[in-house]
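Per-entry structural report
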Amino acid sequence: MELIEVCRTRILPIDRSIEPDVRKRLDSLTKPPGSLGRLEEMALQVCLMTGKIPPDFSRKRVVVMAADHGVAAEGVSAYPPEVTPQMVYNFLRGGAAINVLARHAGADVRVVDVGVNHDFAGADGLVSRKVRPGTANMAVGPAMSRGEARAAVEAGIEEAREAVSAGVTLLATGDMGIGNTTASSAVLSALTGEPPERTTGSGTGIDAGARRNKVAVIERALSVNRPDPSDPIDVLAKVGGLEIGAIAGLILGAAAERVPVVVDGFISTAGALIAASIEPAAVGYMIASHRSTERGHQIMLERLGLSPYLDLGLRLGEGTGAALTMGIVEASVRIMTEMDTFDRAGVSGRIPEA
């Protein structure tokens, strides 16, 4: 069996058998039941994902998948393609937003070159899983071959396996790639049938005229390539991105190991859509971090049935929203491990109803 198929067979639906024990523990703490709202929801969620009460998230990692996009030649971004390798070097130096926020969360950052159009010549700290040096221009033909799309997903699965072998217990997705909001909007439209006008935003900050061009480019890509919405690998190959495929693989690989994945914004959620299309049970191991300002992101979240924990007007990517949400995940576990119960604290419980 191929790696993707092997991974799929290991992804099981969430086992809810420990839910009564988790709820009992949460309700025994010195607070009215449910008074910590979605923090309690998060605690329950991660216990069910891992099968542990409580889980240990002492080792956290943000995996930033980087790749270039041939569609950038169509003028869909406010920034030139050279920014992709420049930002990869910035990640490696520890100077980007994701580095700052990951340090704040106590997570390490792993940068993976899945398809950057640049020779990094063994740059220190960079993980090379390059499938090809950027995609082709999807406005005139497929972004990549089917085999390359599968290889991108497999690269993500391998990253998840490496993380688990290194003792990582909580993962977050990140991305870098000029042109990748265009690919993400195209993936969303291809999988859902939503028109590009509804799925396409301003990305890196393009103006209204450039956005109209971006919508037209995506419409052309969908018309030229005719991706099959029932075949996620076909969608990825024709209008997706290498980093989007690798993010999908990271999610699938983590789900197979019962490791929760905090999904970042628009690009990462495009990867999550691909993962869910490959194996629907993988959604049970996803945590939606935040709501991006990209107009298609809410459609993605609704499609996955996920509700984000933050809404801060973020649209950077890199894993920034996911890194911030890692702190909420850890807080939910600390509530379970550090808060006193009514019995231990000598606090009276709720008055029984008459």
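Above this note sits the structure.
A brief report on the enclosed structure follows. (Residues numbered from 1 in each chain as written. Predicted model: local features only at pLDDT ≥ 70, side-chain atom pairs only at ≥ 80, totals over all residues. Heavy atoms only, no water.)

A closer look at the overall build of the chain
Within the chain, the secondary structure is distributed over 15 helices and six strands. Scaling as 2.2 N^0.38, a compact globule of 354 residues should have a C-alpha radius of gyration of about 20 Å, and the chain matches this with 21 Å. Its C-alpha atoms give the chain principal-axis dimensions of roughly 70 × 45 × 40 Å. A total of 354 residues make up the chain; the buried ones form 56% of that total. Here the analysis covers contacts within the chain between residues at least 6 apart in sequence; of these, 76% occur between residues at least 24 apart. Total accessible area computed for the chain in this model is approximately 14,100 Å², and 51% of it derives from carbon and sulfur atoms. Here the chain contributes 36 positively and 42 negatively charged side chains, and the mean placements of these two sets differ by 2 Å. (Helix = DSSP H or I, 4+ residues; strand = E, 2+ residues; numbered from the N terminus. Rg over C-alpha atoms; globule rule 2.2 N^0.38 Å. Buried < 20%, exposed > 50% of the residue type's maximum accessible area, 1.4 Å probe, protein only. Contact = heavy atoms within 4.5 Å. Areas by Shrake-Rupley, 256 points an atom, 1.4 Å probe, with all protein chains shown as cover. Lys, Arg positive; Asp, Glu negative; His and termini not counted. Charge placed at Lys NZ, Arg CZ, Asp CG, Glu CD.)

Some words on the nonpolar core
The biggest cluster of nonpolar side chains holds 107 residues, and the ones touching the most others in it are Ile11, Val62, Leu171, Val239, Ile274 and Met286. With 11 residues, helix α11 (residues 242-256) is the largest single contributor of residues to this core. In this view, Leu171 contacts Arg61, Val63, Ala163, Leu250, Ala254, Val259, Pro260, Val261, Val262 and Met326; residues no more than four positions away in its chain are not counted. In this structure, Val22, Cys47, Ile335 and Met339 belong to the second largest nonpolar core, which totals 11 residues. (Core = buried A, V, L, I, M, F, W, Y, C linked by side-chain atoms within 4.5 Å.)

Description of the sheet that holds strand β2 (residues 107-115)
Overall, parallel pairing links the six strands, which are arranged β3-β2-β1-β4-β5-β6 in an open sheet. Each of the sheet's edge strands pairs with one partner strand only, and the pair in question is β3 (126-128) and β6 (286-288). Each strand axis lies, on average, 30° off the axis of its neighbour in the sheet, ignoring direction. Strands in contact with helix α6 (residues 146-165) are β1 (60-67), β2, β3 and β4 (170-176); relative to β1, the strand with the most contacts, it is inclined by about 160°. (Pairing = 2+ DSSP bridges. Axes fitted to C-alpha atoms, helices over the stretch in contact; angles between N-to-C directions.)

Section: the packing of helix α2 (residues 19-27) against helix α3 (residues 38-50)
Direction vectors running N to C along α2 and α3 enclose 145°, while the axes themselves pass 10 Å from each other. In this structure, the crossing between α2 and α3 has a hand that is right-handed. Where α2 abuts α3, its residues Glu19, Val22, Arg23 and Leu26 lie against Glu40, Ala43, Leu44, Cys47 and Leu48. Of the residues assigned to the contact of α2 with α3, the class counts are six nonpolar, no polar and three charged. (Left-handed = near helix turned anticlockwise from the far one by under 90°. Nonpolar A, V, L, I, M, F, W, Y, C, P; charged D, E, K, R; others polar.)

Section: the side chain of Lys214
Relative to the helices and strands, Lys214 is located in helix α9 (residues 208-225). No salt bridge forms around the buried Lys214; measuring N to O, its nearest opposite-charge neighbour Glu294 is 4.7 Å away. A polar contact is formed between the side chain of Lys214 and the backbone oxygen of Gly201, at a distance of 3.4 Å. Each residue touching Lys214, except ones within four places of it in the same chain, is listed here: Val76, Thr181, Thr182, Thr200, Gly201, Ser202, Gly203 and Ile206. (Salt bridge = Lys/Arg side-chain N within 4 Å of Asp/Glu carboxyl O. Polar contact = N/O pair within 3.5 Å; in protein donor to acceptor, adjacent residues only side chain to side chain.)

Things to note about the packing of helix α7 (residues 180-192) against helix α13 (residues 297-304)
Here α7 crosses α13 at 45°, and the two axes come no closer than 11 Å. Considering their axes alone, α7 and α13 lie oblique with respect to each other. Classified by chirality, the crossing of α13 by α7 is left-handed. For the pair α7 and α13, the contacting residues are Ser184, Leu188, Leu191 and Thr192 in the first and Ile299, Met300 and Arg303 in the second. Taken together, the residues of the contact of α7 with α13 break down into four nonpolar, two polar and one charged. (Parallel < 35°, antiparallel > 145°, perpendicular 65-115°, else oblique.)

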